[in-house]
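Coordinate inspection notes
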Amino acid sequence: QNDHARALPLYEEALALFEEADDREEVGGTLSVIGNALVRLRRYREAEERYARALEVSRALGKRTWQVNDLVALGNLAAEGQYDRDAAAAYYREALDLAESVGATTDAALAMAAYGRFLSHAGRFDEADARLTEAYDRWVAAGNRVGEAWTLIDLGHLKDLRGDNERAREQYEASLAIGEA
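Residues numbered from 1 in each chain as written. Predicted model: local features only at pLDDT ≥ 70, side-chain atom pairs only at ≥ 80, totals over all residues. Heavy atoms only, no water.

Topic: the environment of R40
How we decide: A helix here means a DSSP run of H or I that spans at least four residues, while a strand means a run of E at least two residues long, and both kinds are numbered starting from the N terminus. Categorising residues by exposure relies on relative accessible area from a 1.4 Å probe, with only protein chains included: less than 20% of the type maximum marks a residue as buried, more than 50% marks it as exposed, and the intermediate range marks it as partly exposed. By the criterion applied in these results, polar contacts are pairs of N or O atoms within 3.5 Å in which, for protein atoms, one can donate a hydrogen and the other can accept it, and in which residues neighboring in sequence qualify only through two side-chain atoms.
Along the chain, R40 falls in helix α2 (residues 24-40). The exposure class assigned to R40 is partly exposed, which follows from its relative accessible area of 46%. Measuring from C-alpha to C-alpha, the distance between R40 and P9 comes to 15 Å, with 31 residues separating the pair along the chain. Of the polar contacts made by the side chain of R40, one reaches the backbone oxygen of N36; its length is 3.0 Å.

Pasting the structure below:
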């Protein structure tokens, strides 16, 4: 947490320089980085403002994959930081629709996994299982081993919530095997 607190003024300084230079791409990326730091500092309202500005920039630039990441960040913030389930679901659905519309496999997997995790915490287990399984399949298709491992952890957690301890252990072990490979 201290590292984020020390880095934040530097990020803000960089943002001011990028804004002064009218470098919109760097502005958008830096806003997202600042949002991430603010979340880690539990300054959720400020993080939401930075993510919303980053989304505005990515939309203005037509950077659809950036928009997916910004929408997922806003969804995560709404779900975990502010406990606004309706907003979280809307952000995740928009991110997923956008990723699928441009054929961005890894971005779709990211949005689908985030949405599946959200559904799991909301007690919508069947929907969560379908989303997480599809996200896992997309990570596999993309060859993204990190995405596979994280989604297996999410699937294991879902199995735990459903009381299927044996299947949960299998999911966790499969994730560990990827990490050890």
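Having seen the structure, we can now continue with the description.
Some words on the packing of helix α6 (residues 105-121) against helix α7 (residues 125-142)
Under the convention used in this document: Here the axes come from fitting lines to C-alpha atoms, over the contacting stretch only for helices, and the angles between their N-to-C directions go from 0 to 180 degrees. Working definition: roughly parallel below 35 degrees, roughly antiparallel above 145 degrees, roughly perpendicular at 65 to 115 degrees, and oblique for all remaining angles. Left-handed is the label given to a crossing in which the near helix is rotated counterclockwise from the far helix by less than a right angle, and right-handed is the label when the rotation is clockwise. Pairs of residues are marked as contacts when any of their non-hydrogen atoms sit within 4.5 Å. Three categories are distinguished: nonpolar for Ala, Val, Leu, Ile, Met, Phe, Trp, Tyr, Cys and Pro, charged for Asp, Glu, Lys and Arg, and polar for the others, with Gly belonging to the last.
Where α6 meets α7, the closest approach of the two axes is 8 Å, and the angle between their N-to-C directions is 155 degrees. Judged by the inter-axis angle, α6 sits roughly antiparallel to α7. Along this stretch, α6 crosses α7, giving a crossing that reads as left-handed. Along the contact surface, α6 presents T105, T106, A108, A109, L110, M112, A113, Y115, G116, R117, L119 and S120, while α7 presents F125, E127, A128, R131, L132, E134, A135, R138, W139 and A142. Class assignment for the residues of the contact of α6 with α7 results in 13 nonpolar, 4 polar and 5 charged.

Digging into the packing of aromatic side chains
We describe a pair of aromatic rings using the distance from one ring centre to the other and the angle between the two ring planes. To be explicit about the condition: Under the pairing criterion, centres of Phe, Tyr and Trp rings, with the six-membered ring standing for Trp, must be within 6.5 Å; the plane angle then separates stacked pairs below 30 degrees from edge-to-face pairs above 60, leaving the rest tilted. In our convention, an over-ring charge means Lys NZ or Arg CZ found within 6 Å of a ring centre and within 35 degrees of that ring's normal.
This structure, assessed with the given rule, holds 3 aromatic pairs. Relative to F118, the ring of Y115 has its centre 6.2 Å away and its plane inclined at 10 degrees; by these criteria the two rings are stacked. Remark: F118 and Y115 occur in helix α6; sequence separation between them is 3 residues, near one turn of the helix. Of the two residues examined, Y115 and F118, each falls in the buried class. Clustering of aromatic rings is evident, with ring pairs tying together Y92, Y115 and F118. The positively charged end of K63 is found above the aromatic ring belonging to W66, 5.2 Å away from the centroid.

Quick word on the nonpolar core
Definition in use: Among buried residues, those of type Ala, Val, Leu, Ile, Met, Phe, Trp, Tyr and Cys that are joined through side-chain atoms within 4.5 Å constitute a nonpolar core.
Of all hydrophobic cores here, the largest spans 46 residues; its most connected members are V68, V72, Y92 and F118. Among the elements that line this core, the one with the most residues is α6, at 9 residues. With sequence-adjacent residues up to four places away left out, V68 is seen in contact with A95, L98, A99, D107 and A111.

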